[in-house]
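The residues making up each chain are set out below.
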Amino acid sequence: MYTIRLQWLYSCELFNTNQDQEGIISVIITGKTGITGIFGYPIKHTLSPAMHNNAFKELGLDYVYVPFSVHPDGLKSAVQGALNMGVKGINVTIPHKEAILPHLDQLTKEAKILGAVNTVEISDGKLIGHNTDGPGFIKSIEKELGCSPKGKHIAIIGAGGAARGVGISLALAGARNIVFFNRSLGRAEKLAQEINEKTEATAEAMPLEENFFKKTVPLVDILINGTSIGMNQEDKEIINEDCYPKSGIVVDMIYSPPKTRFLETADKLGLNYLNGMGMLVYQGALAFEIWTRQKAPVQCMKDSLLRVIYGKQ
Ligand code: NAP
């Protein structure tokens, strides 16, 4: 029996903190330890090991979670290797979320429609692809703001990977209408068309311009920022104060900094708001539950992320 100290060092440049953040957990590896981990390239900045290893420890589960640096040329053999070595489950991140699809045996409905996988369940010799990113976002607004997407009018600023995943999941979860505002209008149009064709919701695309915001956003129930605007202190306002919803909730997918200018305005206007930490935690919690069939210790997972991202004790 070996005791292994797992240690992560995160760069302060990445997370706007003053000092490097460390997370140290001692785990005992036995002959029965279940191996889980994450495939990505590069992978050294992943936050998931801190979140999952603390969660395993919290529940006393004999599992460990490790980062795997998988070059795109080696993805197929890495997936087969995971299966052959009895790995219990893997997360998948950039650049493999779409490329992994042909190497899996089954996909959930969500993963099939999205054409992207972030979690692989390995069970009875089968590789099953899930996508917990959008469902993680939905879980976060349900749990933290008491808001269900059913029947809602939603505005999403952005049409990149995160906006697409969340938008399609919201549509599958019963949202009534989604408007995508994006700098590259064609990208938003393609996404809206996909939602109109594949789900019961209706969707449309609009340019990232004030007169379009003014006509639509004040009436929505949920306003979401899915762009990277706001990650840097010097980023300008995405949307003017007078365009915010009259009531309803405001969510930024960004989690660092914890309160972007987008959210500061929501706060000033007295609107309920949430940053992207909930989405990050719940996508991990859903993956944890798929692999272990145990209820995820969400607070413990959140505290682990708060420590590594913001340096909170
Ligand atoms: P992405 O695929 O690169 O998309 C970036 C989006 O931001 C696009 O819509 C892009 O518009 C827009 N954008 C970027 N710079 C802009 C600018 N200067 N002016 C106007 N629009 C601009 O990235 P992503 O993976 O979707 O990530 C987007 C954000 O979501 C990031 O902040 C990321 O941190 C966050 N995120 C959070 C989580 C979480 O768990 N909380 C998970 C994933 C992502 P164009 O299409 O015109 O380029």
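What you see is a predicted model, and the numbers here were worked out from it, not measured in a lab.

A. The arrangement of the pattern of salt bridges in detail. A complete count under the given rule lists 10 salt bridges for this structure. In this structure, the salt-bridge partner of Arg293 is Glu121, at a minimum N-O distance of 2.8 Å. In this pair, Arg293 is assigned in the loop between α10 (277-292) and α11 (298-310) and Glu121 in strand β7 (residues 119-123), connecting sequence segments 172 residues apart. Linked by salt bridges that have partners in common, Arg164, Glu194 and Lys198 make up one network.

B. Structural context of the layout of surface pockets. A volume near 1700 Å³ is recorded for the largest pocket. Taken together, 50 residues form the lining of the largest pocket, with Thr93, Ile94, Lys97, Ala162 and Tyr255 sitting closest to its centre. At the level of secondary structure, the elements contributing two or more residues to the lining of the largest pocket comprise α1 (12-15), α2 (48-59), β5 (89-92), α6 (161-172), α7 (185-198) and α10. For the lining of the largest pocket, the element with the most residues is α6, which contributes five residues.

C. The arrangement of the sheet that holds strand β12 (residues 222-225) in detail. With respect to topology, six strands assemble into an open sheet ordered β11-β10-β9-β12-β13-β14, the strand pairing being parallel. Whereas interior strands pair on both sides, the edge strands pair on one side only; in this sheet they are β11 (202-207) and β14 (272-274). Mean inter-strand twist for the sheet, computed between neighbouring axes without regard to direction, equals 15 degrees. Note: strand β10 (residues 177-182) against β11, six bridges, orientation parallel. By the bridge assignment, Asn177 is partnered in β11 with Thr202. Packing against the sheet, α6 makes contact with β9 (153-157), β10 and β12, and its axis sits at approximately 170 degrees to β10.

Reading the values: rules and limits
- Residues numbered from 1 in each chain as written.
- Predicted model: local features only at pLDDT ≥ 70, side-chain atom pairs only at ≥ 80, totals over all residues.
- Heavy atoms only, no water.
- Salt bridge = Lys/Arg side-chain N within 4 Å of Asp/Glu carboxyl O.
- Helix = DSSP H or I, 4+ residues; strand = E, 2+ residues; numbered from the N terminus.
- 1 Å grid on protein atoms, 1.4 Å probe; cavity = no way out; pocket = protein on both sides within 12 Å on 5 of 7 lines; lining within 4 Å.
- Points joined across faces, edges and corners; volume = space filled by probe spheres on them.
- Pairing = 2+ DSSP bridges.
- Axes fitted to C-alpha atoms, helices over the stretch in contact; angles between N-to-C directions.
- Contact = heavy atoms within 4.5 Å.

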